[in-house]
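Report on the structure
The lines below spell out each chain.
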Amino acid sequence: MMTKELTAVEELVWERLSMIPDPEIPVITIVELGVVRDVQWDGETLKIFITPTYTGCPAMQLFVAEIQAAMHDQGFDKLEVIHVYSPSWTTDWLSVEAKEKLRKYGIAPPVLKTSEMNPFEEVGNIPCPRCGSENTNLKSQFGATACKSLHTCNDCHEPFEYFKHF
Amino acid sequence: MNNQAALFQYLLQLGDTNLIIGHRLSEMCSRGPMLEEDIALTNFALDHIGQAEVLLHFAGNVENNGRSEDDLSYRRDAEDFMNLKLVEQPNTDFAFVIGRQFLLDVYQCLLYQKLSKSTNDELAGMAARFLKESIYHQRHSAAWIERLGQGTNESLGRMQHALNQLWPYTAEMFVDNPAWANLIESGVVPSATELKKEWYERVSKVLTLSGLNMPKASAEDDSLNQSIYLEQLLAEMQYLPRTYPDAKW
Ligand SMILES: [Zn+2]
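Nothing here was measured: the structure is a model prediction, and the numbers come from that model.

Focus on the domain arrangement of chain A
Residues and elements named next belong to chain A.
- The domain boundaries assigned to chain A delineate domain 1 (8-89) and domain 2 (102-163).
- If you average the C-alpha positions of domain 1 and of domain 2, the two centres end up 28 Å apart.
- Each partner contributes to the interface: domain 1 provides eight residues, whereas domain 2 provides eight residues.
- Here domain 1 packs against domain 2, burying approximately 680 Å² in sum over the two surfaces, 82% of which is carbon and sulfur.
- The tally of links between domain 1 and domain 2 comes to zero salt bridges.
- Our count for the domain 1 to domain 2 interface comes out at zero residue pairs in polar contact (both at pLDDT 80 or more).
- When grouped by side-chain class, the residues that make up the side of domain 1 that touches domain 2 number seven nonpolar, no polar and one charged.

Structural notes on the environment of B:Arg139
- Along the polypeptide, B:Arg139 turns up in helix α5 (residues 121-149).
- A sequence separation of 37 residues divides B:Arg139 from B:Phe102, and the C-alpha atoms of the two residues are 8.8 Å apart.
- If near-sequence neighbours (up to four positions away) are discounted, B:Arg139 is found in contact with A:Asn118, A:Glu121, A:Val123 and A:Gln141.
- At a separation of 3.5 Å, a polar atom in the side chain of B:Arg139 contacts the main-chain carbonyl oxygen of A:Glu121.

Side note on the coordination of the zinc ion
Residues and elements named next belong to chain A.
- Each protein donor to the zinc ion is listed here as Cys128 (SG), Cys131 (SG), Cys153 (SG) and Cys156 (SG); together their distances run 2.3 to 2.4 Å.
- Of note is the zinc ion, whose four donor atoms meet at the metal with angles of 103 to 118° in an arrangement that counts as tetrahedral.
- Here the donor residues for the zinc ion map to a single chain with the spacing C-x2-C-x21-C-x2-C. Here Cys131, found in the loop between β4 (107-108) and β5 (136-140), pairs with Cys153, found in strand β6 (residues 148-153); they are 22 residues apart in sequence, far enough to count as distant.
- The exposure class assigned to Cys131 is partly exposed, which follows from its relative accessible area of 41%.
- On the basis of relative accessible area, Cys153 is assigned to the buried category, the value being 2%.

Observations regarding the packing of α5(B) against helix α6 (residues 153-166) of chain B
Residue and element names in this part refer to chain B.
- Contact pair α5 / α6: the axes reach a minimum separation of 7 Å and the direction vectors enclose 130°. Between α5 and α6, the angle falls in the class oblique. Listed contacts from α6 to Ile145, Leu148 and Gly149 of α5 are Ser155, Leu156 and Met159.
- For the contact of α5 with α6, the residue count by class is four nonpolar, two polar and no charged.

Regarding the layout of surface pockets
- Its boundaries defined by the atoms lining it, the largest pocket holds a volume of some 1600 Å³.
- If you trace the largest pocket, you find 40 residues lining it, with B:Glu53, B:Glu69, B:Asp70, B:Tyr74 and B:Trp249 closest to the centre.
- Elements with a minimum of two residues in the lining of the largest pocket: α3 (59-73) of chain A together with α1 (3-26), α2 (35-63), α3 (69-74), α5 and α10 (239-243) of chain B.
- Here the lining of the largest pocket takes ten residues from α2(B), the largest share from any one element.
- Split by residue class, the lining of the largest pocket holds 22 nonpolar, eleven polar and seven charged.
- Contributing to the lining of the second largest pocket are 33 residues, with A:Glu122, A:Leu138, A:Gln141, B:Arg139 and B:Ala143 lying nearest its centre.
- Among the elements that line the lining of the second largest pocket, the one with the most residues is α5(B), at eight residues.
- Grouping the amino acids of the lining of the second largest pocket by side-chain chemistry returns twelve nonpolar, ten polar and eleven charged.

Quick notes on the rules
Residues numbered from 1 in each chain as written. Chains lettered and ligands numbered in written order. Predicted model: local features only at pLDDT ≥ 70, side-chain atom pairs only at ≥ 80, totals over all residues. Heavy atoms only, no water. Domains from an automatic or database assignment. Contact = heavy atoms within 4.5 Å. Buried area = accessible area lost by both parts, 1.4 Å probe. Salt bridge = Lys/Arg side-chain N within 4 Å of Asp/Glu carboxyl O. Polar contact = N/O pair within 3.5 Å; in protein donor to acceptor, adjacent residues only side chain to side chain. Nonpolar A, V, L, I, M, F, W, Y, C, P; charged D, E, K, R; others polar. Helix = DSSP H or I, 4+ residues; strand = E, 2+ residues; numbered from the N terminus. Donors = N, O, S within 2.8 Å, 3.2 Å for Na, K, Ca; no water. Tetrahedral: all angles 85-135°; square planar, octahedral: opposite > 155°, others 65-115°. Buried < 20%, exposed > 50% of the residue type's maximum accessible area, 1.4 Å probe, protein only. Axes fitted to C-alpha atoms, helices over the stretch in contact; angles between N-to-C directions. Parallel < 35°, antiparallel > 145°, perpendicular 65-115°, else oblique. 1 Å grid on protein atoms, 1.4 Å probe; cavity = no way out; pocket = protein on both sides within 12 Å on 5 of 7 lines; lining within 4 Å. Points joined across faces, edges and corners; volume = space filled by probe spheres on them.

This is how it looks when you write it as structure tokens:
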């Protein structure tokens, strides 16, 4: 996502963005999530490029509001938050560390690479984030938020959420 | 029709189908047969309305006439909508909602898979995201088809009846509009007729597994009249922005 040399001020912007937690899963930040794609200057205007996770994700408006507030605090008043759609956001961008944070928080991290997603194929059991057992059941593909499904573990008997590979 | 105008029409057709099914599903909010299903159907509605927002925004840019996604959604009349008639059909019972969704989900999976390889990067990026949403939708609706088909005589009968009622509206999915010939040729959009074989295979596999019969196609399927349902739906959906044009959230 960042290949160019960063200026000191761009580094500051990235550092500040890295402090904004995902509003729904506060253990990971919006940078770890891969929502922030680029930071650019256009004259005096700071342009922040973000890509939506799910098309209809209500958290997107929150992301924008949080970014605007954080940048305003830093004194960057001329700000544009721009949505980009290509390349499409994917859970493949979550780092190993971010996935481990999710698991420790009690959310099973995405198990499949989305390139391996076949429209009409079944997905195997999702390992329990607490005891690691693969003896688990899918309860509902749609949980409290669009990005998570609901499962139960047949060994430790706890329900858990899965951050769907997407 | 030049390529920009054709692309505008194509995007309208994709966007309108999503907008209308999104609205139909939103009508199910608080009417699901159980809490999990209520959440699932409203999640579907959010995805479809989200896709419509993205597609109609893009359509507005392509048209370059200053119309936003809201203008296109709320300030057009029924005769200007290009959605599949399948998605206008009103929610009668749960089997009907699931049947309509399944037939659409399989189609959208195949369509978005092809569109994600579009020579238009922006369209390809959108389709890649929509595809993943449709995969989850299809998995869910297919599981319900199986459950209802293999449930009781009552659920089997209702599921079969719903599919028979819906079937004539599926022919429209596989008809190429002559105005899009250039778009197809230049690889911007896939040919709709190419989707039919795989769609048929997948649908018949799930129906057979569920103990359901494939409904019979009829010769009149291609020439169904505009249904009256769209006008009723739009009257409700567009009421507020048309009555209070300056209303803000
Ligand atoms: Zn467990």
